[in-house]
Amino acid sequence: GENVEQHPSTLSVQEGDSAVIKCTYSDSASNYFPWYKQELGKRPQLIIDIRSNVGEKKDQRIAVTLNKTAKHFSLHITETQPEDSAVYFCAASRAKGKLIFGQGTTLQVKP
Amino acid sequence: SAVISQKPSRDICQRGTSLTIQCQVDSQVTMMFWYRQQPGQSLTLIATANQGSEATYESGFVIDKFPISRPNLTFSTLTVSNMSPEDSSIYLCSVDWDRVETQYFGPGTRLLVL
């Protein structure tokens, strides 16, 4: 069935360094790929998304890349700050509304 | 974006009882969804709440256990029936507000079943 694999499960970086989280998906018909940030005790917040007709999208310090051939997409955070510490989830969708989530990555940014 | 609220924010329930969770949006939305997030885990879609018709459930979730209502375009309820400790989770509603597949989540309901 549809599946999204996310790596790594935990990531620790020094403040100012870059962080990269990778996801692969199984359903080649997937065409929408959002990323959510979830702080402890809070709701998931959409931070960036990309659609299948685009290879890369950037918003200030965060960027997402998509390789449809390889069926993987990645989140890149540059110049990390302590407030970037959270759990990040990738997701994939091919049908309106049916988001399949990855397992999550706990990012710790050490000051 | 839409403002989404959920009630209750948290509850502690006894096994065998049922709890109804409400999701309210401040504007009309096309699609509303219910997710479960078990402790320390990812999000799993329970069902799509359809306005005026029966909800569409994902594999592993059934209507008898998770009945859903959606009487209008701004409101939905999820009931967790005949609860067991395994139902202890965060339950979140989400909405597709702008009709371009972007989903926004409510604050969640933290349920503990004893």
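Below you will find a few notes about this structure. Computed from a predicted model, the values in this text were never measured in an experiment.

**Remarks on the overall build of chain A**
Next up, step 1: For chain A, the count of helices and strands is zero helices and 11 strands.
Next up, step 2: What you see in chain A, going N to C, is helices and strands ordered as β-β-β-β-β-β-β-β-β-β-β.
Next up, step 3: A compact globule built from 111 residues should have a C-alpha radius of gyration of about 13 Å, and chain A, at 13 Å, falls within 12% of that.
Next up, step 4: Expressed along its principal axes, the backbone C-alpha trace of chain A runs to roughly 40 × 30 × 20 Å.
Next up, step 5: Classification of the 111 residues of chain A by burial places 41% in the buried group.
Next up, step 6: Considering only contacts within chain A whose residues lie at least 6 apart along the sequence, 53% involve residues at least 24 apart.

**Some words on the interface of chain B and chain A**
Next up, step 1: On the chain A side, the residues contacting the 21 residues of chain B number 21 residues.
Next up, step 2: When chain B packs against chain A, close to 1700 Å² is buried across both sides, 50% of that on carbon and sulfur atoms.
Next up, step 3: One can count one salt bridge joining chain B with chain A.
Next up, step 4: Here Glu-58 of chain B ties to Lys-98 of chain A by a salt bridge, and the two come within 3.0 Å at their closest N and O atoms.
Next up, step 5: In this structure, the connection of chain B to chain A is made through six residue pairs in polar contact (both at pLDDT 80 or more).
Next up, step 6: Going through the elements one at a time, β4 (31–37), β5 (43–49), β9 (89–96) and β10 (103–105) of chain B are the ones with two or more residues in the side of chain B that touches chain A.

**Let's talk about the nonpolar core**
Next up, step 1: Core analysis: the largest hydrophobic core is formed by 26 residues, its most contacted members being Trp-34, Ile-46, Phe-66, Ile-68, Leu-78, Tyr-91 and Leu-111 of chain B.
Next up, step 2: Residue assignment for this core shows that the elements contributing at least two residues are β3 (19–25), β4, β5, β8 (75–80), β9 and β11 (109–113) of chain B.
Next up, step 3: In terms of residue count, β3 of chain B provides more of this core than any other element does, four residues in total.
Next up, step 4: By size, the runner-up hydrophobic cluster in this structure holds 23 residues, among which are Val-13, Ile-21, Trp-35 and Ile-48 of chain A.

**Considerations on the packing of aromatic side chains**
Next up, step 1: For the structure on display, the rule yields 12 aromatic pairs over all chains.
Next up, step 2: Arranged with centres 6.5 Å apart and planes meeting at 45°, the rings of Phe-66 of chain B and Tyr-91 of chain B form a pair that is tilted. Of this pair, Phe-66 of chain B sits in the loop between β6 (56–57) and β7 (68–72) while Tyr-91 of chain B sits in strand β9, and the two are 25 residues apart along the sequence.
Next up, step 3: On the accessibility criterion, Tyr-91 of chain B (0% relative accessible area) is buried.
Next up, step 4: Taken together, the ring pairs in this structure connect Tyr-36, Phe-89 and Phe-101 of chain A together with Tyr-35 and Phe-105 of chain B into an aromatic cluster.

**Details of the state of the cysteines**
Next up, step 1: Enumeration over the complete set of coordinates arrives at two disulfides over all chains.
Next up, step 2: Sulfur-sulfur distance for the disulfide between Cys-23 of chain A and Cys-90 of chain A comes to 2.0 Å. Measuring handedness by torsion sign, the sulfur bridge of Cys-23 of chain A and Cys-90 of chain A sits at about -100° and is left-handed. Remark: Cys-90 of chain A occurs in strand β9 (residues 86–92) and Cys-23 of chain A occurs in strand β3 (residues 19–25); sequence separation between them is 67 residues. Each member of the pair, Cys-23 of chain A together with Cys-90 of chain A, is buried.
Next up, step 3: A sulfur-sulfur distance of 2.0 Å marks the disulfide that ties Cys-23 of chain B to Cys-93 of chain B. Here Cys-23 of chain B and Cys-93 of chain B share a disulfide; its torsion about the S-S bond, 70°, makes the bridge right-handed. Residue Cys-23 of chain B is located in strand β3, and its partner Cys-93 of chain B is located in strand β9; the two are separated by 70 residues in the primary sequence. One exposure class covers both Cys-23 of chain B and Cys-93 of chain B, and it is buried.

Cut-off values and rules
- Residues numbered from 1 in each chain as written.
- Chains lettered and ligands numbered in written order.
- Predicted model: local features only at pLDDT ≥ 70, side-chain atom pairs only at ≥ 80, totals over all residues.
- Heavy atoms only, no water.
- Helix = DSSP H or I, 4+ residues; strand = E, 2+ residues; numbered from the N terminus.
- Rg over C-alpha atoms; globule rule 2.2 N^0.38 Å.
- Buried < 20%, exposed > 50% of the residue type's maximum accessible area, 1.4 Å probe, protein only.
- Contact = heavy atoms within 4.5 Å.
- Buried area = accessible area lost by both parts, 1.4 Å probe.
- Salt bridge = Lys/Arg side-chain N within 4 Å of Asp/Glu carboxyl O.
- Polar contact = N/O pair within 3.5 Å; in protein donor to acceptor, adjacent residues only side chain to side chain.
- Core = buried A, V, L, I, M, F, W, Y, C linked by side-chain atoms within 4.5 Å.
- Phe/Tyr/Trp six-rings, centres within 6.5 Å; stacked < 30°, edge-to-face > 60°.
- Disulfide = S-S within 2.5 Å.

Everything listed here is a matter of coordinates, which is why it stays silent on function.
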